[in-house]
Amino acid sequence: MTVAVVTDSTADLPSGLAAGRNITVVPLTVSFDGKHFLDGVEIDAAEFYRLNPTATTSQPSPARFAEAYRKLLENHEEVVSIHISERLSGTYDAAIQGAQLTESAERIRVVDSSLVSMPLGLLVLAAAHLAAEGSPGAEVERRVVGLAQQTRVYFVVATLENLRRGGRIGRASALLGSVLQVKPVLTIEEGLVTPLERVRTQERSVTRLIELVRAVDQGSGLCAIVGHAAAEEAAQRIAAEIAPMSESLLIQPLGPVVGAHAGPGTVGVGCYPAQLLPLGLKAAAAATSPR
């Protein structure tokens, strides 16, 4: 039985890696200056951060998902479609509606990852690994859902303003208006952006982020993705620190949609203990992966 894996562009997977793992990516849209661009298709991370616009974003239409599903089901028995937290975007709901538009909804499994960007990318890569090994759709879905519960994400933003403006600030709204100039370490819990710790400086916040990532290792190493929004120096520093304990490690830019909400200067890590499902991507850590 063959299983096709689908995600959306907020997984921020490099296009070459996604194609090489037979992952179909349905793009969201980023809009600014009266123009609309498909994320990662009509505008990439480098161009977006060069322009550094104030942008809005929107999820794909159900019809776009339906089109992708129909095409994949011509050559696959099932589809497992894994997406950004439904509490952060309407993408998951659009994927559900897209499946219902097809004539084969029962062959499509849509999964709310409750995550976004780096950890979502890890889950999608894990699903592709399982599919390539011949796991049926039910098994892929079960393993991905279990893995999501043990995947951690820690990130630091240069400012909370982008999250506030985009309405994605979640529980971190408690930090707005603070008299302290804090650089909080954030995470995602129950699908929402959540403050983890208050740290006074950017340098210390990155150091603390590294400490938190190291604590995820259970002795078997880590599967990790380091993501950044025009903050490659910090990303490379983090990657160098966690590389010795990483079974798999990627560095990737956050795409325009995620970057529009997180803002330039954001850096973070999504990771899980490698013993849960090794991915064999260690070699890819040597350099920043292109989109």
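Not measured: the values here are computed from a predicted model. (Residues numbered from 1 in each chain as written. Predicted model: local features only at pLDDT ≥ 70, side-chain atom pairs only at ≥ 80, totals over all residues. Heavy atoms only, no water.)

A. Representation of the overall build of the protein chain in the model. Helix and strand content of the protein chain: 10 helices and 13 strands. The proportion of buried residues among the 291 residues of the protein chain is 55%. Taking the contacts inside the protein chain whose residues are at least 6 apart along the sequence as the reference set, 76% of them involve residues at least 24 apart. When the accessible surface of the protein chain is summed, it comes to about 12100 Å², and 49% of that surface belongs to carbon and sulfur atoms. (Helix = DSSP H or I, 4+ residues; strand = E, 2+ residues; numbered from the N terminus. Buried < 20%, exposed > 50% of the residue type's maximum accessible area, 1.4 Å probe, protein only. Contact = heavy atoms within 4.5 Å. Areas by Shrake-Rupley, 256 points an atom, 1.4 Å probe, with all protein chains shown as cover.)

B. Highlighting the environment of N22. On the secondary structure map, N22 appears in the loop between α1 (15–20) and β2 (23–26). For the pair N22 and A131, spaced 109 residues apart in sequence, the C-alpha to C-alpha distance is 9.5 Å.

C. The sheet that holds strand β3 (residues 29–32), seen in detail. The sheet built from 3 strands is open, its strands ordered β4-β3-β5 with antiparallel pairing. The open sheet is flanked by β4 (35–38) and β5 (56–58), the only strands paired with a single partner. For this sheet the average axis-to-axis angle between neighbouring strands, irrespective of direction, equals 30°. Of the strand pairs in this sheet, β3 and β5 are connected by 3 bridges, and their pairing is antiparallel. Pairing of V30 across the sheet is with T57, part of β5. (Pairing = 2+ DSSP bridges. Axes fitted to C-alpha atoms, helices over the stretch in contact; angles between N-to-C directions.)

D. Main features of the sheet that holds strand β7 (residues 108–112). Pairing is parallel in the open sheet, where 4 strands are placed in the order β2-β1-β6-β7. Strand pairing shows two members of the sheet lacking a second neighbour, β2 and β7, which therefore form its edges. Neighbour to neighbour, the strand axes of the sheet diverge by 25° on average, direction disregarded. Two elements, strand β1 (residues 3–8) and β2, share 4 bridges in a ladder whose sense is parallel. Paired with V6 across the bridge in β2 is T24. Sheet contacts for helix α3 (residues 62–73): β1, β2, β6 (78–83) and β7; angle to β6, the most-contacted strand, approximately 145°. Together, β1, β6 and β7 form the strand contacts of helix α6 (residues 137–149), whose direction differs from that of β7 by roughly 0°.

E. How the structure looks around the pattern of salt bridges. What the rule picks out here adds up to 10 salt bridges. Between E103 and R70 there is a salt bridge; the shortest N-O distance is 3.4 Å. Remark: R70 occurs in helix α3 and E103 occurs in the loop between α4 (91–101) and β7; sequence separation between them is 33 residues. On the accessibility criterion, R70 (35% relative accessible area) is partly exposed. Measuring nitrogen to oxygen at the nearest pair gives 3.2 Å for the salt bridge that ties R237 to E203. You can see R237 sitting in helix α9 (residues 232–242) and its partner E203 sitting in helix α8 (residues 202–216), a full 34 residues away along the chain. With a relative accessible area of 51%, E203 lands in the exposed category. When salt bridges that share partners are traced, they join E197, R204, R208 and E211 into one network. (Salt bridge = Lys/Arg side-chain N within 4 Å of Asp/Glu carboxyl O.)

F. α3, seen in detail. Taking 1.5 Å of rise per residue, the 12 residues of α3 would be expected to cover 16 Å, and the 16 Å separating its terminal C-alpha atoms lies within 8% of that figure. Residues of α3 that are buried: F65, A66, A68, Y69, L72 and L73. The arc enclosing the buried residues of α3, seen along the axis, measures out at 165°, which places them on a common side. Within α3, the exposed residues directed more than 90 degrees away from the buried face are E67 and K71. Residues of α3 that are buried sit in contact with β1, β2, β6, α4 and β7. (Expected span 1.5 Å × (residues − 1). Arc of directions from axis to C-beta.)

G. A look at the packing of helix α5 (residues 118–132) against α6. In contact at an axis separation of 10 Å, α5 and α6 are set at 150° when each is read in the N-to-C sense. In terms of their interaxial angle, α5 and α6 are classed as roughly antiparallel. At the point where α5 passes α6, the crossing takes the right-handed sense. Where α5 abuts α6, its residues L123, A126, A127, L130 and A131 lie against V140, R143, V144, L147 and A148. Of the residues assigned to the contact of α5 with α6, the class counts are 9 nonpolar, no polar and 1 charged. (Parallel < 35°, antiparallel > 145°, perpendicular 65-115°, else oblique. Left-handed = near helix turned anticlockwise from the far one by under 90°. Nonpolar A, V, L, I, M, F, W, Y, C, P; charged D, E, K, R; others polar.)

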